[in-house]
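Fold and geometry: a report
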Amino acid sequence: MTSRENHDRMANAIRFLSIDAIEKANSGHPGLPMGAADVATVLFTRFLKFDAKNPHWPDRDRFVLSAGHGSMLLYSLLYLTGYEDMTIDQIKNFRQLGSRTAGHPEYGHATGIETTTGPLGQGVANGVGMAIAEKHLRARFGGDLVDHYTYVLAGDGCLMEGISQEAIALAGHLKLGKLIIFHDDNHISIDGSTSLADNTDQVARVKASGWNGMHIDGHDPEAIAAAIETARQSDRPTLISCRTTIGFGAPTKAGTNKIHGSPLGAEEVAGTRRALGWDYPPFVVPDDLLDEWRAVGKRSVEKREAWEKRLTASDRKSEFERAIHGELPRGLDQAIIAHKKKIAAEKPSLATRKAGEMVLEVINGMVPETIGGSADLTESNNTKTSQTKEITPDDFSGRYIHYGIREHGMAAAMNGMALHGGIIPYGGTYLCFSDYCRPALRLSALMGIRVVFVMTHDSIGLGEDGPTHQPVEHLAALRAIPDHVVYRPADGVETTECWQLALESPKNSSTLALTRQGVSTVRTAHSDKNLCALGAYELAPASGEAKVTIFASGSEVEIALAGRAQLEAKGIPARVVSVPSFELFDRQDAAYQRATIGKAPVRIAVEAAVREGWDRFIGRDGIFIGMKGFGASGKAKDLFPHFGITADAVAKAAEDALKG
């Protein structure tokens, strides 16, 4: 058997496992696995550094299937190479409830799935983040411990999505030479030929952003191998545009949109088996071929063992392992308590974005894994500290990334850094521009990874920039994302506590919504306990049995306190509950929730945003003082009275309600 014949058999194993699984499920996307099987076979059999029996080896190469609809390509490879949790039964249960083989690859469902993909283009930007992490950790720990590639398989749709340009431009600027993207250039989208909507020369495009690029025949194994060899020698990222036939081998549907997202059907499956000489029943891979694929899964065992010896001999072994495992350094909690105590004693009046910078000065001094950044708003977001010098194309020892005006790319790259391991990424923009981050932010929540989004200028309090920049609905929109924690601290003490919680939550992403305008310190009595961990807590009790409870978050907490003072002065017992996090309050037991909400006949919520979400505290009949529409351009001191968000309004609403 010639080497080409053997390659074809190995690639056909991918094709027919994919065909059979999709046919059995009567659902899925066979076109990409059939068309890209040759590229995947060359990559896995000749280049990819991995050990199927040790899938979490830190120095493995990363393979990202950005075109996640072609998930059966990845699942077939994981089964063939011997990942223990990817059995033939999992392949047979493709797209079935409870299986590891979801419709699109989902991080955590099976080892070997490096990230959740499906929304097109996300995997491209995740790959950029992984390559950033690799290059930074190589600069920190040296090439003996960190030296691997990131490979991404992207479809035409991935490269049409705008996020791809944000990621490509950033990668080119940073000279991420160990990033290699395969473009599955099959000229087909769901609607038909890609020429219906696009005629971009993707190679020319990436070259304009500082990449290498080349066109090859995606069904010629030697051309694929030569292109990979060339890419691996470069100090720049590389895009290999592989001209392929979608649904390769299908007698009537190959090269058409009919095979993109639908099973082939029995007649077409039979014709494909004849055309490619695959004379085996569904889900059967002959033993000799399966053995050959399983040997591929063991191809890098010696490299892993040599790496483990280097790690054992390294005087930085414990530091490396702590970083990779995402463990925080000892003593951080005490340093944060000391900082919190200092803030409570000094009682500064400052913006919570500035308070965030102050606590980051403490955190970044103790946690070398943090990499900060901003989408061209560093001085506004206050995300840079004295320890975080810039990462540059030629010096990756720094800890701060200037992402440029690329919020979406930034968010997805941070996901990639967190997924890689050894990095705790945080990045800043305005809260209003969380809309630009949302698809990647949502995926961070879905994957359950520690990524911190610093969103400043969190209300009409930002002032003169006006309603285009003033977030109104954004807090509610972010709070609506499952498994994402939104923090809106009231002062420097709460900001410190919220940062601590975000860092100590390795299984969820977080948003910190911080003010532009100064706020008073409302937590003046120090407590070692992190009260924000409760989500909501009584900040100021009533003088007697409460007639009014005022709930508030962020900058509106001091408005609530001032409103309470007016009520108490009139003999109306009132209490204030600070609500830094809806999500953490929802995690408390029912008894705590009932006690915190209390039994006051009048309940008021105050937030310079829309009402959505607050009814959990005040009920449908409760009083909400906040925004009912967009903001306006003006000074913050004028905007709050203009929209009726004042202590006077709180007190009057309470009095009117008590009068009945």
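The preceding data block contains the structure.
Residues numbered from 1 in each chain as written. Predicted model: local features only at pLDDT ≥ 70, side-chain atom pairs only at ≥ 80, totals over all residues. Heavy atoms only, no water.

**Notes on the overall build of the protein**
Rules: Put simply, DSSP marks the helices as runs of H or I at least four residues long and the strands as runs of E at least two long, and each gets a number from the N terminus on. Our radius of gyration looks at C-alpha atoms and nothing else; its globule reference is 2.2 Å times the residue count to the power 0.38. Burial classification: accessible surface area is computed with a 1.4 Å probe over protein chains only, and a residue below 20% of its type maximum counts as buried, one above 50% as exposed, and the rest as partly exposed. Residues count as neighbours in contact if any of their non-hydrogen atoms are within 4.5 Å of one another. The Shrake-Rupley method, run with a 1.4 Å probe sphere, supplies the accessible areas, and residue values consider only the shown protein chains as cover. Residues counted as positive are Lys and Arg, residues counted as negative are Asp and Glu, and His and the chain ends are not counted. Think of each charge as sitting on NZ of Lys, CZ of Arg, CG of Asp or CD of Glu.
Scanning the protein for helices and strands turns up 26 helices and 20 strands. For 660 residues, the compact-globule estimate of 2.2 N^0.38 gives 26 Å, and the protein sits close to it at 28 Å. With the C-alpha coordinates of the protein rotated into their principal frame, the extents come out at 95 × 55 × 45 Å. Burial status across the protein gives 62% buried among its 660 residues. By sequence separation, contacts in the protein at least 24 residues apart represent 78% of the contacts at least 6 residues apart. Carbon and sulfur atoms provide 50% of the accessible area of the protein, an area that totals close to 24400 Å². Separation of charge centres in the protein, based on 72 positive and 81 negative side chains, amounts to 4 Å.

**Examining unusual backbone geometry**
Even without glycine at this site, Arg95 takes up a positive phi of about 65°. Within the secondary structure, Arg95 sits in the loop between α4 (88–92) and α5 (122–141). With a phi angle near 70°, Phe283 is a residue other than glycine that sits in the positive phi range. Among the structural elements, Phe283 can be located in the loop between α10 (266–276) and α11 (287–297).

**Observations concerning the nonpolar core**
Heads up, the rule is: Here the nonpolar core consists of buried residues drawn from Ala, Val, Leu, Ile, Met, Phe, Trp, Tyr and Cys, with membership extended through side-chain atoms lying within 4.5 Å.
By size, the foremost hydrophobic cluster in this structure holds 134 residues, and its most contacted members are Tyr151, Phe182, Ile240 and Trp293. Excluding residues that lie within four positions of it along the chain, Phe182 makes contacts with Val39, Leu43, Tyr151, Val152, Leu153, Ala154, Ile228, Ile240 and Cys242. Core analysis: the next-biggest nonpolar cluster, separate from the first, contains 34 residues, Leu534, Ile559, Val576 and Leu639 among them.

**Topic: the layout of surface pockets**
Stated precisely, the cut-off is as follows: Both cavities and pockets are sets of points on a 1 Å grid over the protein atoms alone; in a cavity a 1.4 Å probe fits but cannot get out, in a pocket the set is open with protein on both sides within 12 Å along at least five of seven lines, and lining residues sit with an atom within 4 Å of a point. Grid points are joined across faces, edges and corners, and a volume is the space filled by probe spheres set on the points.
Of the voids in this model, the largest pocket is the one considered here, and its volume is about 810 Å³. As for the largest pocket, its lining consists of 38 residues, and the residues nearest its centre are Tyr107, Ala418, Leu419, His420 and Gly421. For the lining of the largest pocket, the secondary-structure elements that each account for two or more residues are β1 (62–65), α3 (71–81), α13 (317–324) and α17 (407–420). Broken down by element, the residue count for the lining of the largest pocket peaks at three residues, all from α17.

**What about the packing of aromatic side chains?**
To keep it simple, the criterion reads: Only centres within 6.5 Å qualify two rings of Phe, Tyr or Trp (six-membered ring in Trp) as a pair; their planes then separate them into stacked at under 30 degrees, edge-to-face at over 60, and tilted for everything else.
Scanning all chains against the criterion turns up 20 aromatic pairs. Measuring from centroid to centroid gives 5.3 Å for Phe16 and Trp278, while their planes differ by 5°, and the two rings are stacked. Of this pair, Phe16 sits in helix α1 (residues 3–25) while Trp278 sits in the loop between α10 and α11, and the two are 262 residues apart along the sequence. For the pair shown, Phe16 and Trp278 are each scored as buried. Measuring from ring centre to ring centre gives 6.2 Å for Phe50 and Tyr83, while their planes differ by 5°; the resulting arrangement is stacked.

Interpretation note: all reported values are geometric properties and have no functional meaning in isolation.
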